[in-house]
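Spelled out from the first residue to the last, the chains are:
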Amino acid sequence: MAIGSGLVALALLAYGLPGSDRLYNHFVWQALAFLDGRAAIDWPVPGGPGSPGNDYFQDVFPISGPNGDLTGRGLLPFPPLPAVVLLPFVAMWGLATDHRAVSVALGAIDVGLCWWALGRLAVSRSVRLAATLFFAFGTVFWYAAQLGTTWLFAHVVAVTFLLLAVGVALGGDPEADREVDAAPGRRDLVAGLGRALRAPLRLLEPRQVLAGFLFGVACTARITIAFGAPFFMLVGAGGSWPRRSFSAAVGAAIPIGALALYNLASTGHLFTPVYEYLYRLEAIGYPGLHYNPAWGLEDLRYLPQNLAIMFLSTPAFLPDQLTSAGIPVRTLCTAAGAVRGLFDPACPIAIPRDIGMGLLFTSPAYLLALPAILGARSRLVAGAALAVLGIGLVNLMHFSQGWVQFGYRFSNDFVVFAVLLVVVGVARRSGVGWLGTALIGASIAINLWGVIWGNVLGW
């Protein structure tokens with residue numbers, strides 16, 4: 001309890017350091033619309049001194065009247081959970097709600113939840129502490145929580161409920177990390193399906209239903225998390241994979257079904273068409289990002305360029321120009337005898353790329369997961385690895401990879417599962433050791449560098 005509380009306090013301090021003043025607060029406007037009994041936000045609203053506006057928002061679908069004239073309202077493409085979380089704050093403070101403060105506080109709570117969830121595993125306290133520190137300060141979750149803008153706040157909210165779901169599942173399955181074959185045999189498969197057909201209600205395990213429900217709630221903040229479902233088929237209460245799967249599916253169907261009904265009521269479609277509109281808009285408006293309007297919103301042909309961002313994109317070392325989306329913005333180091341500085345935007349030693357940076361360049365401690373992935377199998381490792389692969393693949397097929405950002409922010413969708421792999425990998429190495437300490441320390445230093453640069457550049 002004391003260690004967990006200390007970690008939360010440390011995260012509050014780190015996440016709460018002065019940050020960027022970029023006011024992307026779409027979810028505050030969405031919460032305000034919900035309180036008014038509607039899904040569409042007021043937009044575009046001109047701003048002025050003491051009067052916040054939103055006419056600079058880009059991710060909005062304008063609603064037209066019967067004659068094609070604008071109505072002064074628009075729809076957001078984002079799932080609604082982050083706006084629901086903000087409802088009590090917006091009810092009190094309206095548009096003055098400090099969404100960044102909410103993000104900082106919720107992010108710190110997530111650190112405590114990570115410590116709690118990892119406590120369900122049979123690992124030493126030092127391994128648990130190292131993994132929690134890595135999650136809190138060695139991944140781009142730090143950048144997301146401390147900045148708290150629209151897109152990043154959605155990640156923070158999703159991680160909250162995903163940590164709860166994983167913690168409940170691990171608590172109901174104390175043998176999940178045993179080194180056994182993860183795949184059910186054919187006889188088990190047939191027997192499990194037979195029992196399901198004969199008595200489906202017997203398959204309902206309350207703890208796994210709860211885990212599935214919390215997982216489904218996380219999906220209503222970041223829908224791509226739904227592709228992490230294999231974890232809850234292999235890990236959790238129930239004693240067999242059919243019972244775990246059925247129970248989790250029943251729980252997850254409630255919030256995901258509610259999201260589909262929300263989409264239907266607000267747009268007339270089960271899947272919101274707003275993303276498609278924005279895709280066409282951005283494909284034309286940002287040629288430097290190499291979007292192809294002839295391709296789909298999710299398209300396998302985006303894999304090569306997005307894999308390059310996810311794994312190969314490096315900081316710009318000794319840059320001569322500051323670029324955005326591959327387009328030069330200004331020339332650097334123009335003064336005679338200029339000396340490059342660590343955080344000098346006019347003449348830097350190195351600067352992060354706004355299109356994103358490779359996972360191992362920002363969080364090298366992910367390498368600690370290799371002993372888990374390459375070693376003997378367990379249901380925990382198989383479930384976590386399948387979740388990372390499923391979520392990662394869907395995100396890599398998406399036309400956008402999270403620009404503008406430090407690191408690879410879409411990794412927040414699978415960070416919880418990836419941290420589980422790191423925990424198992426470290427435990428199989430018989431502890432953190434000098435290599436683990438060095439990699440986690442380097443990850444923390446790099447992410448501190450990235451957080452500072454993000455704020456210096458106004459991201």
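For clarity, every value in this text was computed on a predicted model and none was experimentally measured. (Residues numbered from 1 in each chain as written. Predicted model: local features only at pLDDT ≥ 70, side-chain atom pairs only at ≥ 80, totals over all residues. Heavy atoms only, no water.)

Looking at the overall build of the protein chain
Stage number 1. In terms of helices and strands, the protein chain carries 18 helices and 7 strands.
Stage number 2. Taking 23 Å as the expected radius of gyration for a compact globule of 459 residues, we find that the protein chain reaches 23 Å, a close match to that expectation.
Stage number 3. Taken along its principal axes, the extent of the C-alpha atoms in the protein chain is 70 × 60 × 45 Å.
Stage number 4. When each of the 459 residues of the protein chain is scored for burial, the buried share is 51%.
Stage number 5. Entry remark: accessible area of the protein chain is about 19,800 Å², with carbon and sulfur atoms responsible for 67%.
Stage number 6. Taken as two groups, the 27 positive and 23 negative side-chain charges of the protein chain have centres that lie 12 Å from each other. (Helix = DSSP H or I, 4+ residues; strand = E, 2+ residues; numbered from the N terminus. Rg over C-alpha atoms; globule rule 2.2 N^0.38 Å. Buried < 20%, exposed > 50% of the residue type's maximum accessible area, 1.4 Å probe, protein only. Areas by Shrake-Rupley, 256 points an atom, 1.4 Å probe, with all protein chains shown as cover. Lys, Arg positive; Asp, Glu negative; His and termini not counted. Charge placed at Lys NZ, Arg CZ, Asp CG, Glu CD.)

Quick notes on the pairing of strand β6 (residues 327-331)
Stage number 1. Taken together, the 4 bridges between strand β5 (residues 321-324) and β6 define a ladder with antiparallel strand orientation. Its bridge partner being in β6, T323 is matched across the sheet by P328.
Stage number 2. Hairpin connection from β5 to β6: 2 residues lie between these consecutive antiparallel strands, with A325 at a positive phi of about 55 degrees. (Pairing = 2+ DSSP bridges.)

Considering helix α7 (residues 150-171)
Stage number 1. Between its first and last C-alpha atoms α7 spans 32 Å; for 22 residues at 1.5 Å apiece the expected length is 32 Å, and the two agree.
Stage number 2. Summarising burial for α7: 18 of the 22 residues are buried, a large majority. (Expected span 1.5 Å × (residues − 1).)

Remarks on the pattern of salt bridges
Stage number 1. Taken as a whole and judged by the stated rule, the model has 10 salt bridges.
Stage number 2. The partner of R38 in a salt bridge is D42, and the shortest N-O contact between them spans 3.2 Å.
Stage number 3. Salt bridges sharing partners connect three or more residues here, namely D36, R38, D42 and R73. (Salt bridge = Lys/Arg side-chain N within 4 Å of Asp/Glu carboxyl O.)

Section: the sheet that holds strand β1 (residues 41-42)
Stage number 1. Spatially, β1-β3-β2 is the arrangement adopted by the 3 strands of the open sheet, whose pairing is antiparallel. The open sheet terminates on both sides in strands that have one partner only, identified here as β1 and β2 (61-64).
Stage number 2. As defined by bridge partners, β2 adjoins strand β3 (residues 70-75) across 3 bridges and the pair is classed as antiparallel. Considered in β3, the bridge of F61 is made with L75.

Description of the packing of aromatic side chains
Each aromatic ring pair is characterised by the separation of its centres together with the angle its planes make.
Stage number 1. One pass over the full model with this rule turns up 25 aromatic pairs.
Stage number 2. A centroid spacing of 4.9 Å and a plane angle of 90 degrees characterise the contact between F61 and Y277, whose relative ring orientation is edge-to-face. Taken together, the residues F61 in strand β2 and Y277 in helix α12 (residues 274-285) connect sequence positions 216 residues apart.
Stage number 3. Ring pairs connect the aromatic residues Y24, F27, Y56, F57, F78, W151 and F153, which therefore count as one cluster. (Phe/Tyr/Trp six-rings, centres within 6.5 Å; stacked < 30°, edge-to-face > 60°.)

Description of the state of the cysteines
Stage number 1. Here the structure, examined in full by the defined rule, presents 1 disulfide.
Stage number 2. You can see C114 has no disulfide; the closest cysteine sulfur is in C219, sitting 19 Å from it.
Stage number 3. The exposure class assigned to C114 is buried, which follows from its relative accessible area of 3%.
Stage number 4. On the basis of relative accessible area, C219 is assigned to the buried category, the value being 0%. (Disulfide = S-S within 2.5 Å.)

Side note on the nonpolar core
Note on soluble globular proteins: their nonpolar side chains tend to be buried together.
Stage number 1. Core analysis: the biggest nonpolar cluster contains 118 residues, and Y15, F135, F231, F232 and F417 have the highest contact counts within it.
Stage number 2. Among residues more than four places away in sequence, those in contact with Y15 are R100, V104, G107, A108, V111, A136, F137, F141, W142, A145 and Q146.
Stage number 3. Within the second largest apolar cluster, 9 residues are counted, among which are Y279, L289, Y291 and A325. (Core = buried A, V, L, I, M, F, W, Y, C linked by side-chain atoms within 4.5 Å. Contact = heavy atoms within 4.5 Å.)

Here's the deal with the confidence of the model for the protein chain
Stage number 1. Here the protein chain shows a mean pLDDT of 92. Residues at 70 or above account for 94%.
Stage number 2. Low pLDDT, under 50, characterises residues 181-185; the stretch is placed with 6 contacts to residues that sit more than four places away or in other chains. (pLDDT = per-residue confidence, 0-100.)

Thoughts on empty space enclosed by the protein
Stage number 1. Within the structure shown, the criterion is met by 2 cavities of 30 Å³ or more.
Stage number 2. Each pocket or cavity is described by its volume, and for the largest cavity that value is around 40 Å³.
Stage number 3. Elements represented by at least two residues in the lining of the largest cavity include exactly α4 (99-118), α7 and α17 (415-428).
Stage number 4. As a volume, the second largest cavity reaches approximately 30 Å³.
Stage number 5. If you trace the second largest cavity, you find it lined by Y24, N25, H26, F27, V28, L86, H99, G148, T149, T150 and F153.
Stage number 6. Elements with a minimum of two residues in the lining of the second largest cavity: α2 (26-35) and α7.
Stage number 7. Looking at which element gives the most residues to the lining of the second largest cavity, the answer is α2, with 3 residues.
Stage number 8. Split by residue class, the lining of the second largest cavity holds 5 nonpolar, 6 polar and no charged. (1 Å grid on protein atoms, 1.4 Å probe; cavity = no way out; pocket = protein on both sides within 12 Å on 5 of 7 lines; lining within 4 Å. Points joined across faces, edges and corners; volume = space filled by probe spheres on them. Nonpolar A, V, L, I, M, F, W, Y, C, P; charged D, E, K, R; others polar.)

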